[in-house]
Each structure stands twice: as structure tokens, then as C-alpha cells.
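# Residue-level structural notes
The residues making up each chain are set out below.
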Amino acid sequence: MGRLGVYGGTFDPVHRGHLAVARSVREAFDLDCVLFIPARQSPLRAPPRASANDRLAMVRRAIEGVPGLEVSAIDAERPGPSYMIDTLQSLASQRPAAELFLILGADALDELPAWRQAERILAAARIIAVPRPGHNTEIPNEVLALHPNADRRIHVHPMPPVDISASRIRAQCARRRPVDAWVPRAVAEYIAAHGLYAGDGTEPPGAI
């Protein structure tokens with residue numbers, strides 16, 4: 001394994017926007033693989049609505065047959081909050097020959113200084129920042145201050161932002177409305193078969 005894209009998140013659920021980012025980044029940066037890593041629990045987000053096993057299953061269905069996209073249960077199987085520095089260190093141990101590229105939305109890049117051992121994250125992996133609606137991809141000074149070579153270790157990928165949100169998809173599911181326009185058919189079928197996100201349509205504070 002040469003160049004490995006690390007794509008973490010709750011993926012609650014995984015949607016077409018996630019897939020568009022993975023494919024675009026893989027091609028633009030000549031990555032051998034993009035590895036989807038669903039978090040058990042993000043330290044800065046409300047608890048996911050779907051279980052880790054369900055979210056893993058949806059990602060597996062979403063990327064089935066797509067060359068260069070894989071999924072890992074490394075975070076889902078680790079108890080407690082999913083800290084990216086732990087994930088990167090585990091991947092470096094498992095795949096010592098791989099060069100790691102951490103894929104982040106512009107919103108997550110803005111939050112990076114609040115992440116555990118953020119300076120070590122920049123030492124462990126290069127970062128590829130992708131646009132998000134409502135966020136620009138200018139690298140904040142607080143992020144640049146994390147590493148002496150931050151300006152060379154953070155790459156902005158100028159793809160068009162994809163305006164799809166998992167919270168909107170969950171709300172549609174709660175209203176029993178179709179979500180096929182936003183998620184692959186296999187994911188929509190899984191959501192329906194398992195009754196995921198079928199509630200009163202409310203979201204906990206901080207949900208995305």
C-alpha cells in the first residue's frame with residue numbers, strides 16, 4: 001500500500017456526497033485507496049443515531065464494486081470516543097509502508113485545533129481539505145500554527161462542494177419519504193429494511 005486516503009466520520013448515513021469526495025480525492029491525489037472509517041463516537045458531535053454496526057454495513061453496501069474504496073471497522077470496534085490520532089497511529093502500525101492522507105471537510109479543518117493531539121495528527125498524515133457548503137477552504141492561522149510545515153502538509157482540493165447533509169436524510173427517513181436521490185439504492189434499502197431513523201423527526205443538539 002503506497003498512498004492511503006483516511007476518510008473518517010460518523011457516516012450516519014453514508015451518502016452520495018461522501019462517495020463523490022472519495023472518488024474525486026482519490027483521482028486528484030493519485031491515492032491507491034480511500035479507506036472509510038466510521039467512528040463509534042465523535043468526541044465533538046452528538047451520538048450517532050444508527051449503531052456502529054449499521055453504519056459499517058451501509059458503507060460496505062455503498063462502496064461495493066467501486067474500485068479503490070474500502071471500509072475499516074478500526075474505530076467502530078474500539079471502545080470509547082474515536083480520536084483521530086489513535087486511528088492514524090493504528091493504521092501506521094498496521095500498514096507501515098503507507099503514506100497517510102487524512103480527508104477533512106472545511107468545517108472539520110476549522111475544528112482541528114480542538115482535536116486531541118492535533119499537532120501529532122499533522123505529523124502523522126498529510127491533510128486534504130475539501131469544500132463544505134457555508135465554509136471556505138482558507139487554512140485558519142490556528143491550524144497553520146500546529147506544525148512548522150503545515151502549509152506544505154495541508155492541501156486544499158478545489159472540487160465543487162456537495163450540498164447533501166446526513167441530518168436532512170435522517171429527517172426524510174423520519175417522515176417516511178424517499179432518500180434515493182441522496183444515498184445509493186443499497187443504502188436506502190438497508191435503511192428501510194432495518195427501520196433506521198424512523199422517529200419523530202427531531203435531532204439531538206449538534207447532530208450533523
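Residues numbered from 1 in each chain as written. Predicted model: local features only at pLDDT ≥ 70, side-chain atom pairs only at ≥ 80, totals over all residues. Heavy atoms only, no water.

## Concerning the side chain of Ser72
Structurally, Ser72 can be placed in the loop between β3 (69-71) and α3 (84-94). At 3.1 Å, the side chain of Ser72 and the backbone nitrogen of Ile74 are in polar contact. If sequence neighbours within four positions are ignored, Ser72 has contacts with Leu35, Phe36, Ile37, Pro38 and Leu56. (Helix = DSSP H or I, 4+ residues; strand = E, 2+ residues; numbered from the N terminus. Polar contact = N/O pair within 3.5 Å; in protein donor to acceptor, adjacent residues only side chain to side chain. Contact = heavy atoms within 4.5 Å.)

## A word on the side chain of His18
Relative to the helices and strands, His18 resides in helix α1 (residues 16-28). What makes His18 buried here is its relative accessible area of 14%. His18 has contacts with Tyr7, Phe11, Pro13 and Phe36, leaving out every residue within four places of it along the chain. (Buried < 20%, exposed > 50% of the residue type's maximum accessible area, 1.4 Å probe, protein only.)

## Points about the sheet that holds strand β1 (residues 3-9)
The parallel open sheet is built from six strands, whose spatial order is β3-β2-β1-β4-β5-β6. A strand with exactly one partner marks an edge of an open sheet, and here the two such strands are β3 and β6 (154-156). Averaged over all adjacent pairs, the angle separating strand axes in this sheet is 30 degrees, with direction ignored. Relative to strand β5 (residues 126-130), strand β4 (residues 99-105) runs parallel, the two sharing five bridges. Residue pairing across strands places Leu102 opposite Ile127, the latter belonging to β5. In the packing of α1 onto the sheet, contacts are made with β1, β2 (33-38), β3, β4 and β5, and the angle to β2 comes to roughly 150 degrees. Sitting on the sheet, helix α2 (residues 52-63) touches β2 and β3, and the angle it makes with β3 is about 165 degrees. (Pairing = 2+ DSSP bridges. Axes fitted to C-alpha atoms, helices over the stretch in contact; angles between N-to-C directions.)

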